[in-house]
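Structure assessment
For reference, the chains in residue letters:
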Amino acid sequence: MKTVVASVAALFIAATAFGQMKSKDIEKLSEAATVLGELRGAAEGGIPESILNKAYCVVVIPDLKKAGFIVAGEHGSGVMSCRHGNTWSAPVFMDMTKGSAGFQIGVQSIDLVLVVMNKSGAEKLLSNKVTLGADASIAAGPVGRAASAGTDAQLSAEILSYSRTKGLFAGVDLSGGSLNPDHSKNERAYGANVSARDIALGTAKVKMAPEAQAFINALG
């Protein structure tokens, strides 16, 4: 009887730990896993394995929305995980926003993957707020054979970006966009006493939600 009670208590504690995550948080983890798997598996225009093998961290923002008339705005959320030897950290939730001006009209949905190439880039993304292209250097990632012969901008960039786009706008320019940890979502997932930086960089040990495993598997 005591064993049964202890088992039930353990399950209750585990459920409580992740019970604060909303359904949309869990859905975002699933979407990120799907996007990453499809972009790294694409025969043409996908993320080369040679780039992912060098990645320090990976950020996936599924369904980044861009819409506007004259003044456009972009907003999206996703998850980020960093490599520690042969393993990856529990994913932390990230938030991205960007505004732009000029004559433009349309609606666009973008699946975005940012490959962070070094610790410096990771530290910047995990600060309170970073402006892409200003605080952290970013370049479009090489694809296919170009991965082994990237341009100077690609070879020196802290972050390489990959995207697939559907809609009326053409291309994606991330310069000037802000990317930072989503504190409310991370608090729901891991509690209030641990920072996104400590989770991603491995200085804090947390229990990862089972729903995050598919994303970790997609990272390989």
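The following paragraphs examine the structure supplied in this document. What you see is a predicted model, and the numbers here were worked out from it, not measured in a lab.

**Structural notes on the pattern of salt bridges**
Going through the model one piece at a time under the given rule, you end up with eight salt bridges. A salt bridge links Arg188 to Asp25; the nearest nitrogen and oxygen atoms lie 2.9 Å apart. Taken together, the residues span a long stretch of sequence, with Arg188 in helix 6 (residues 183-190) and Asp25 in helix 2 (residues 23-41) at a distance of 163 residues. Asp25 carries the same exposure label as Arg188, and that label is buried. For Arg164, the salt bridge goes to Asp111, with nearest N and O atoms at 2.7 Å. You can see Arg164 sitting in strand 6 (residues 159-167) and its partner Asp111 sitting in strand 3 (residues 92-116), a full 53 residues away along the chain. Classification of Arg164 as partly exposed rests on a relative accessible area of 30%. Among the residues examined, Asp111 registers a relative accessible area of 15% and is labelled buried. Bridged by salt links that share partners, the residues Glu38, Asp111 and Arg164 form one connected network.

**A look at the side chain of Ser81**
In this fold, Ser81 is placed in strand 1 (residues 57-84). Accessibility expressed as a relative area gives 0% for Ser81, which makes it buried. Among the polar contacts listed, one links the side chain of Ser81 to the backbone oxygen of Ser89, at a separation of 2.7 Å. Residue contacts for Ser81: discarding those within four places in its chain leaves Cys57, Val58, Trp88, Ser89, Pro91, Phe215, Ile216 and Leu219.

**A closer look at the layout of surface pockets**
Taken as a whole, the largest pocket encloses approximately 170 Å³ of empty space. Along the walls of the largest pocket sit His84, Thr87, Trp88, Ser89, Ala90, Ile199, Gly202, Ala204, Lys205, Val206 and Met208, which together make up its complete lining. Class assignment of the residues belonging to the lining of the largest pocket gives a composition of six nonpolar, four polar and one charged.

About the criteria used
- Each chain has its residues counted from 1, following the order in which its sequence is written.
- In keeping with the model being predicted, local features are shown solely for residues with a pLDDT of at least 70 and side-chain atom pairs are shown and tallied solely at 80 or more, while totals for entire chains, interfaces and linings include all residues.
- For side-chain calculations, the full set of non-hydrogen atoms in the structure is used, while hydrogens and water are omitted.
- For salt bridges, the criterion is a side-chain nitrogen of Lys or Arg within 4 Å of an Asp or Glu carboxyl oxygen.
- Secondary structure follows DSSP: runs of H or I at least 4 residues long count as helices, runs of E at least 2 residues long count as strands, and numbering of each begins at the N terminus.
- Exposed residues in this analysis have more than 50% of their type's maximum accessible area, buried residues have under 20%, and partly exposed residues fall in between, with area computed by a 1.4 Å probe over protein chains only.
- Between N or O atoms, a polar contact is any pair within 3.5 Å; within protein, one atom must be a potential hydrogen donor and the other a potential acceptor, and residues adjacent in sequence are included only when both atoms are from side chains.
- Residue contacts are defined here by distance: any two heavy atoms, one from each residue, within 4.5 Å place the two residues in contact.
- Cavities and pockets were defined on a 1 Å grid built over protein atoms only: a cavity is a set of grid points that admits a 1.4 Å probe from which the probe cannot escape, a pocket is an open set flanked by protein on both sides within 12 Å along at least five of seven lines, and lining residues are those with an atom within 4 Å of any such point.
- Grid points are joined across faces, edges and corners, and a volume is the space filled by probe spheres set on the points.
- Any residue outside Ala, Val, Leu, Ile, Met, Phe, Trp, Tyr, Cys, Pro, Asp, Glu, Lys and Arg is labelled polar, Gly included; the first ten of those are nonpolar and the last four are charged.

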